[in-house]
Amino acid sequence: MAAELGIFSLILAFVLSLSQAFFGLAGAWRNKPAWMSVARPAVTGQFVFVAMAFACLVYCFVNDDFSVLYVARNSNSHLPLFYKVAALWGAHEGSLLLWIMILSIWSVAVAAFSRHLPVTFSSRVLGVMGLISGGFMLFTLWTSSPFLRLIPAASDGADLNPVLQDFALAIHPPMLYTGYVGFSVAFAFAIAAMLEGRLDQAWAKWTRPWTIFAWLFQTIGIALGSWWAYYELGWGGWGFWDPVENASGMPWLVGTALIHSLSVTEKRGIFKSWTLLLAIFAFSLSLVGTFLVRSGVLVSVHSFATDPTRGLYILAFLVLTIGGSLTLYAWRAPKLYAPGGFELFSREFFLLVNNVLLVGVAGLVLWGTLSPLVYELLGIGKISVGPPVFALMFLVPMLPLMVFLAIGMHSAWRRGKLTATARPLWWLLALAVALALAVQGLVFGKFHWVGLIGFSFGLWIIFSALLEPLRRLRQKQTLTAAVLGMCIAHFGVGMFAIGASGVESYKIEKDVALKPGGSYSIAGYDFKFVNAANVRGPNYDAVEALVDVTRDGRTVAILKPQKRHFWVQQTDNSHAAISVNWARDLFVAMGNPLGDDAWSMRIQYKPLVRYIWLGAMVMAIGGCVAATDRRYRVKVPAGAPQMAGAPPDADPKPGLA
Amino acid sequence: MWKFLLPFVAFVALVVLFAFGLNPKRDIHALPSPLIGKAAPQFTLSDVLDPSRTVSNASLKGQVYVLNVWGTWCGECRVEHPQLLAIAQTHVVPIIGLVYLDQRDKAAQWLEELGNPYQAVAFDSDGRTAINWGVYGAPETFLVDGKGRIIYKFISPMTQDVWDREFLPRIAAARRDGA
């Protein structure tokens, strides 16, 4: 019954999303207030019915309703309750429903917080969001319903893929989708602005907090995915080249560029068409990612089961949304040109460099992801042409980005000179390099180029991010949330640089064969394999090794890695054990039994690896602080020039746009 | 203002690419190689799993063998791997691996994780052997006859169909001629 109720709710939600789109867009076009007033209630109704459909599917999972095909394929009666709920988004159909659920939450939020915007503008925003919701609902209903019945019902389910039975991965998709889908808000704002034919600084001010929120969720989502890959895939890497990973990376890069470009549009009223384009790109790349993951066009370690109809549908959807918005862009963007100059090494210049580099990296990633397909199209065959130089392609633009970041934070708007706060910057760079060298010599005892560059610039960015808050603190001045958030986020970038370069320079990974009683040493730590015992989990059996880690004879950690065998899917899964502290991770994962009680084990020493994810979390916190700045909450009449929070040297004529 | 049309034009190119990717008849195909019928280039390289051992195709003279070129950086190689394992199970012909432009520990881990269909895997760290063999990329699979000549080359992941249709008859013919 729940399944039928679910599909019925989804159909109603679909109809409501169409009316949201029609009355929102047509109402604004014909300027009919009565029509436009329908958009907001339609959003609420749509949300209620999507939530009901979602609740129905949760109900089916929690109650082990194996007469529902999707539940039978992705759950099992022995699965712990938490994973029964998380299994909902463990495969294609359910994750689409999650996508729709999140989109409708964003829609309701936009509807609730857009009452102070001009009515035609907010109607258009809601209309565009209705079109996107409708497109995804039709996709779900037509090709990918999670509510199909299985007759006769299965006696038990096929279980959730063991690799996905993990806390971080269970919450990874909702976070990531919240980010992906959140960019639809910036997209809708951009389309609405182009339809209105008017884009001023107020527009950038409305758009920016939404974009930052979407961006911060995506940051958390990507960090969770990386953390999961690190300990769950069992080999201790923190990121790797895979179409699905890339799919989430590209919108993030463009979204980061968008946040920065929006700040220029907000403060100076320039970069308008560029900001619009980035807003379109960020969401378009989210859609392209969806297409790549679900169409089977590219091979990925974790793509969904594929079906050509689905690929075709998403492609058609891409053509309508992206193609439509880019056509609109080509038509309307030329009219939005605003004059406004800036000097070399002004704030605008640094932000432009940031944009060019970030978009450049995103372009390289897109090329790297699609190049196998291009080679195939050109008739060279379905091959990879060489080991990816992507790490290099990624790092080369990132270096200037870090340098410009450290300096650019202290640049002035319009004029090409640094603020007084920036004076200590150069000796701080010297200090950072000296510290980096000292850490390399004294702690790691080995020189490494990547480490030197990463530590130096990472520390420099951290110092640079602290300058402004410290100065204000000393002079007892207040700091706006926007500036504080920026400093926090950039502090996180520095942490990330230190973590990533540290682990890449000084990690030690060894595959060893150990018998009970045997031991192996890396980086001064002695790993002793004490014994192995059989243990039982809720839905698996496992062999658990006891590994005693000592340093200079003192016990540092007792690690218990497991090799799990899941009953239903009959698959093995290595569950790593990790000892964590502020300076390093010690990582043990079990490989295969080698006979005679011996086991192959992967032992790793990962210095500073935590700072990769901590850095990402700090970036997200920074975003959260910045997005709650007072000037984003103050209700201003539409179109009024914005002075609140503007720097003292702001454009004397802010209404120029 | 043509420059505002550029994003749209780029997007059209992307759509063409995606439409091609979705084409169900999108086919894998063999490229002609100028090396077909010629003597296979000689190589003597270290064994990827045991650097102290060497792998050379000189020792295979008189045997029909398959040389499969791969790398851990190659996604399609992961796709064809189960097929190679299945082929190795039939013991029709020895499969020699050539892993190129790769890292030894990564390749070893790949084999441990996914299984090892190869009689031996030669480690071509700088890719020179692959260049000698006219390798475009990975995966590629060569068939070499008893006289040491390359008689067939297949680009793209191996499939059962390709194996049955293209490789097995040629292997049988090569053995007949060689006898």
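Residues numbered from 1 in each chain as written. Chains lettered and ligands numbered in written order. Predicted model: local features only at pLDDT ≥ 70, side-chain atom pairs only at ≥ 80, totals over all residues.

1. Details of the overall build of chain B
Per the secondary structure count, chain B includes five helices and seven strands. When the helices and strands of chain B are placed in sequence order, the string is α-β-β-β-α-β-α-β-α-β-β-α. Dimensions of chain B, computed from the C-alpha atoms along their principal axes, are close to 70 × 35 × 30 Å. Counting every position in chain B, which comprises 179 residues, the buried fraction comes to 40%. (Helix = DSSP H or I, 4+ residues; strand = E, 2+ residues; numbered from the N terminus. Buried ≥ 20, exposed ≤ 12 C-beta atoms within 10 Å, placed from the backbone.)

2. Observations concerning the overall build of chain A
The helix and strand tally for chain A stands at 17 helices and ten strands. The C-alpha radius of gyration computed for chain A amounts to 26 Å, which stays within 12% of the reference 26 Å derived for 657 residues, consistent with globular compactness. When its C-alpha atoms are laid out on the principal axes, chain A stretches across 80 × 75 × 55 Å. Looking at chain A as a whole, 52% of its 657 residues are labelled buried. For chain A, long-range pairs separated by at least 24 residues make up 74% of all intrachain contacts whose partners lie at least 6 apart in sequence. (Rg over C-alpha atoms; globule rule 2.2 N^0.38 Å. Contact = placed C-beta atoms within 7 Å.)

3. Quick notes on the sheet that holds strand 2 (residues 54-56) of chain B
Residues and elements named next belong to chain B. Here seven strands make up an open sheet; going across it, the order is 2-1-5-4-3-6-7 and the pairing mixed. The sheet terminates laterally at strand 2 and strand 7 (150-155), the two strands that pair on one side only. Geometrically, the sheet is characterised by an average inter-axis angle of 30 degrees between neighbouring strands, direction not taken into account. Relative to strand 5 (residues 120-124), strand 1 (residues 44-47) runs antiparallel, the two sharing two bridges. Bridge assignment links Ser 46 to a residue of strand 5, and that residue is Phe 123. (Pairing = 2+ DSSP bridges. Axes fitted to C-alpha atoms, helices over the stretch in contact; angles between N-to-C directions.)

4. Details of the confidence of the model for chain A
In this model, chain A carries an average pLDDT of 87, and 91% of its residues clear a pLDDT of 70 or more. When the criterion is pLDDT under 50, residues 637-657 of chain A qualifies, and its contacts beyond four places in sequence or with other chains add up to 41 contacts. (pLDDT = per-residue confidence, 0-100.)

5. Re unusual backbone geometry
The amide bond that connects Ile151(A) to the next residue, Pro152(A), takes the cis arrangement and shows omega of -5 degrees. Turning to its location among the elements, Pro152(A) is positioned in the loop between helix 6 (119-143) and helix 7 (167-196). Even without being a glycine, His91(B) presents a positive backbone phi close to 55 degrees. The topology assignment puts His91(B) in the loop between helix 2 (75-89) and strand 4 (95-100).

6. Looking at the sheet that holds strand 10 (residues 598-607) of chain A
Adjacent strands of a sheet form backbone hydrogen bonds with each other and so pair up, either parallel or antiparallel. All names here are of chain A. What the four strands build is an open sheet, ordered 1-10-9-8; its pairing is antiparallel. In this open sheet, the two edge strands, each paired with only one partner strand, are strand 1 (508-514) and strand 8 (577-580). When the angles between neighbouring strand axes are averaged without regard to direction, this sheet yields 15 degrees. The pairing of strand 8 with strand 9 (residues 584-595) spans four bridges and is classified as antiparallel. Within the sheet, the bridge partner assigned to Ile 578 lies in strand 9 and is Phe 587.

7. Section: the environment of Asn116(B)
Summarising the element assignment, Asn116(B) is placed in the loop between helix 3 (104-114) and strand 5. In this structure Asn116(B) comes out as partly exposed when scored by C-beta crowding, with 18 C-beta atoms within 10 Å.

8. Notes on the packing of helix 2 (residues 33-62) of chain A against helix 5 (residues 92-113) of chain A
Residue and element names in this part refer to chain A. The contact between helix 2 and helix 5 brings their axes to 9 Å, and the two run at 150 degrees. The angle between helix 2 and helix 5 falls in the class roughly antiparallel. The crossing of helix 2 and helix 5 is left-handed. Seen from helix 2, the contacting residues are Arg 40, Val 43, Thr 44, Gln 46, Phe 47, Val 50, Ala 51, Ala 53, Phe 54 and Leu 57; seen from helix 5, they are Gly 94, Leu 97, Ile 100, Met 101, Ser 104, Ser 107, Val 108 and Ala 111. Partitioning the contact of helix 2 with helix 5 into residue classes produces twelve nonpolar, five polar and one charged. (Parallel < 35°, antiparallel > 145°, perpendicular 65-115°, else oblique. Left-handed = near helix turned anticlockwise from the far one by under 90°. Nonpolar A, V, L, I, M, F, W, Y, C, P; charged D, E, K, R; others polar.)

9. Section: the packing of helix 6 of chain A against helix 7 of chain A
All names here are of chain A. Axis separation between helix 6 and helix 7 bottoms out at 8 Å; the angle between their running directions is 125 degrees. Relative to helix 7, the element helix 6 is oriented oblique. With respect to the hand of their crossing, helix 6 and helix 7 are arranged in right-handed fashion. Residues Thr 120, Phe 121, Arg 124, Val 125, Val 128, Met 129 and Ile 132 of helix 6 touch helix 7, and the partners they reach there are Ser 184, Ala 188, Phe 189, Ile 191, Ala 192, Leu 195 and Glu 196. Grouping the constituent residues of the contact of helix 6 with helix 7 by class yields ten nonpolar, two polar and two charged.

10. Focus on the pairing of strand 3 (residues 525-536) of chain A
All names here are of chain A. Pairing between strand 2 (residues 519-522) and strand 3: four bridges, direction antiparallel. What sits directly across from Tyr 520, in strand 3, is Phe 527. Hairpin connection between strand 2 and strand 3: a loop of two residues separates the two successive antiparallel strands, and Ala 523 in this loop has a positive phi of roughly 50 degrees. Taken together, the ten bridges between strand 3 and strand 4 (residues 540-551) define a ladder with antiparallel strand orientation. In the sheet register, Asn 534 faces strand 4, and the bridge partner there is Val 543. In textbook terms, the turn of a hairpin is the stretch between consecutive antiparallel strands, and for strand 3 and strand 4 this stretch comprises three residues.

11. A short note on the nonpolar core
The biggest cluster of nonpolar side chains holds 174 residues, and the ones touching the most others in it are Ala186(A) and Val254(A). Of all the elements, helix 7 of chain A adds the most residues to this core, at 18 residues. Leave out the neighbours within four places in its chain, and Val254(A) touches Leu278(A), Phe281(A), Ala282(A), Leu285(A), Val359(A) and Ala362(A). Phe43(B), Val55(B), Ile96(B) and Val99(B) belong to the second largest nonpolar core, which has 46 residues in total. (Core = buried A, V, L, I, M, F, W, Y, C linked by C-beta atoms within 7 Å.)

12. Some remarks on the pairing of strand 6 (residues 140-144) of chain B
Regular strands place side chains that alternate from one sheet face to the opposite one. Residues and elements named next belong to chain B. When you tally the buried positions in strand 6, you get five out of five residues, the bulk of the element. Here strand 6 shows two buried faces, one formed by Glu 140, Phe 142 and Val 144 and the other by Thr 141 and Leu 143. As defined by bridge partners, strand 3 (residues 65-70) adjoins strand 6 across five bridges and the pair is classed as antiparallel. Residue pairing in the sheet places Val 66 in a bridge with Leu 143 of strand 6. Where strand 6 lies against strand 7, five bridges are found, and the strand directions are antiparallel. Looking across to strand 7, one finds that Phe 142 is bridged to Lys 153. Turn length for the strand 6-strand 7 hairpin, with the two strands adjacent in sequence and antiparallel, is five residues, and the turn residue Gly 148 shows positive phi of about 80 degrees.

13. With respect to helix 15 (residues 449-474) of chain A
Residues and elements named next belong to chain A. Over its 26 residues, helix 15 extends 37 Å from the first C-alpha to the last, a length consistent with the 38 Å expected when each residue adds 1.5 Å. Within helix 15, the axis deviates most sharply at Leu 467, by approximately 30 degrees, and proline Pro 469 lies no more than four positions further along. Remark: Lys 476 follows helix 15 within two positions and exhibits a positive phi of approximately 55 degrees. (Expected span 1.5 Å × (residues − 1). Bend = angle between axes of the 7 residues up to and from the residue.)

14. Some remarks on the environment of Glu93(A)
The residue Glu93(A) is located in helix 5 in this model. Apart from the residues within four sequence positions on either side, Glu93(A) is in contact with Tyr70(A), Ser144(A), Ser145(A) and Pro146(A).

15. A few points about the confidence of the model for chain B
Residue and element names in this part refer to chain B. For chain B, the average pLDDT comes to 85, and 93% of its residues sit at 70 or higher. Within chain B, no element has a lower average pLDDT than helix 4 (residues 128-132), which sits at 85, and none a higher one than strand 3, at 94. Per the prediction output, this complex has pTM 0.83; the corresponding ipTM is 0.82.

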